[in-house]
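Read off the chains here:
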Amino acid sequence: MAEILCSTGALIGKANNRDYHILQRLSGQLQCDGYEFMIYSSWYEEWEVLADYLAGLGLHMPVVHCDKRIGENVSYGEDIAQTDSGAMAKFRINCELARRIGAKSLVIHLWGGMASDQHFENHLRAYPILRDMAEGYGLDLLVENVVCNRENPLKHLCQLAREYPDIHFVWDTKMAAFHQEETQLYRQEYAWLWQQGHIRHYHVNDYGGGYMDWGSTIGKAVLPIGTGHVDFDAFFEHIHQSKYDGSFTVEATAFGEDGIVDVEMLNRCFERIRQGIAG
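K.L.:
Looking at this model, I keep getting lost on the overall build of the protein. Mind explaining?
P.N.:
Helix and strand counts for the protein come out as ten helices and eight strands. Taken against the 2.2 N^0.38 rule, which gives 19 Å for 279 residues, the C-alpha radius of gyration of the protein at 18 Å falls within 12% of a compact globule. Seen along its three principal axes, the alpha-carbon backbone of the protein occupies a region of about 45 × 45 × 35 Å. By the burial criterion, 54% of the 279 residues in the protein qualify as buried. Considering only contacts in the protein between residues 6 or more positions apart, those separated by 24 or more positions represent 79%. In the structure as shown, the protein presents an accessible area of about 12,300 Å², 47% of it carried by carbon and sulfur atoms. Positive and negative side-chain charges in the protein, numbering 23 and 39 respectively, have mean positions lying 2 Å apart.

Okay, here's the thing in structure tokens:
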């Protein structure tokens, strides 16, 4: 049965001092089925305290989103074959935290930063190392269709799948729209992505910018469903046709400069997804 999750990144950010206790205060108001927990790099010194706190909440957190800087390290050429490298030490903590809170899937930005996908051979080499470590913790590693500054994410997903036929992905509607790839998923030439079970999770967000419009993304809020130009009617038609019954995460930024969370906006997003998957 499909689950609708809320990204904790939609609730917790710089504006509210990345105070993860917010989750406890808001969980009773959010009409979602669980959470995708977003890990920030500023939490490593207290990660065990954080893990114990989250486990104690008793909330359903089936998905964890890795610290985005791990993929950036790979983009900048860090050799993660060295298991004591900075990126691998951090990734191990991400895996351990995910295991402690009961997660089953781990989302990763395999590339990022200014280097982005400019040396994609780094990412092809890194993926199996990261996958094997995640599997050692009982986690399914999901590679996201992260925006690129050299090529496009769909091309890279295809490259990864050719090299690693059992790879799993998360598809983000916003990131697809950034590259004008949101409708590519529905085409027969890419049907193998869902027919062969590669897509295991969706991030459902809107996008209001143009093709590779960096000004609409850098430092900007993630848009809630219905406030951009993503065709969600077509998206949910695809969901029905592909018979997908897995999980969805809402990542729409729900806080402003005052750090106060707009719970009603998030609940509207959850309801739009429920309506969409119900047909």
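K.L.:
Explain the packing of aromatic side chains here, please?
P.N.:
To describe a pair of aromatic rings, you give the distance between the ring centres and the angle between the ring planes. Enumeration according to the criterion identifies 14 aromatic pairs in this entry. Aromatic side chains Phe37 and Trp43 sit 5.6 Å apart centroid to centroid with 25 degrees between the ring planes, which places their arrangement in the stacked category. Taken together, a centroid distance of 4.8 Å and an interplanar angle of 85 degrees make the contact between Tyr202 and Tyr244 edge-to-face. With a gap of 42 residues between them, Tyr202 in strand E7 (residues 199-203) and Tyr244 in the loop between helix H9 (232-241) and strand E8 (247-250) connect regions that are remote in the sequence. On the accessibility criterion, Tyr202 (1% relative accessible area) is buried.

K.L.:
Explanation requested: the packing of H9 against helix H10 (residues 263-278) in the structure shown.
P.N.:
The description of two helices packed together rests on the angle between their axes and the distance between the axes. Orientation of H9 relative to H10, taken along the N-to-C sense of each, is 50 degrees, at an axis distance of 8 Å. Relative to H10, the element H9 lies oblique. Viewed along their axes, H9 and H10 form a crossing whose handedness is right-handed. Facing Phe232, Asp233, Phe236, Ile239 and His240 of H9, the residues of H10 in contact are Arg272, Ile273, Gly276, Ile277 and Ala278.

K.L.:
Is there a simple way to explain empty space enclosed by the protein in this structure?
P.N.:
Summary: where empty space remains is shown by rolling a probe the size of a single water molecule over the atoms. Per the counting criterion, the structure on display carries one cavity of 30 Å³ or more. Reported here for the largest cavity is a volume of approximately 40 Å³. Secondary structure elements with two or more residues in the lining of the largest cavity: helix H2 (47-57) and helix H4 (86-100). Partitioning the lining of the largest cavity into residue classes produces eight nonpolar, one polar and no charged.

Conventions used here
Residues numbered from 1 in each chain as written. Predicted model: local features only at pLDDT ≥ 70, side-chain atom pairs only at ≥ 80, totals over all residues. Heavy atoms only, no water. Helix = DSSP H or I, 4+ residues; strand = E, 2+ residues; numbered from the N terminus. Rg over C-alpha atoms; globule rule 2.2 N^0.38 Å. Buried < 20%, exposed > 50% of the residue type's maximum accessible area, 1.4 Å probe, protein only. Contact = heavy atoms within 4.5 Å. Areas by Shrake-Rupley, 256 points an atom, 1.4 Å probe, with all protein chains shown as cover. Lys, Arg positive; Asp, Glu negative; His and termini not counted. Charge placed at Lys NZ, Arg CZ, Asp CG, Glu CD. Phe/Tyr/Trp six-rings, centres within 6.5 Å; stacked < 30°, edge-to-face > 60°. Axes fitted to C-alpha atoms, helices over the stretch in contact; angles between N-to-C directions. Parallel < 35°, antiparallel > 145°, perpendicular 65-115°, else oblique. Left-handed = near helix turned anticlockwise from the far one by under 90°. 1 Å grid on protein atoms, 1.4 Å probe; cavity = no way out; pocket = protein on both sides within 12 Å on 5 of 7 lines; lining within 4 Å. Points joined across faces, edges and corners; volume = space filled by probe spheres on them. Nonpolar A, V, L, I, M, F, W, Y, C, P; charged D, E, K, R; others polar.

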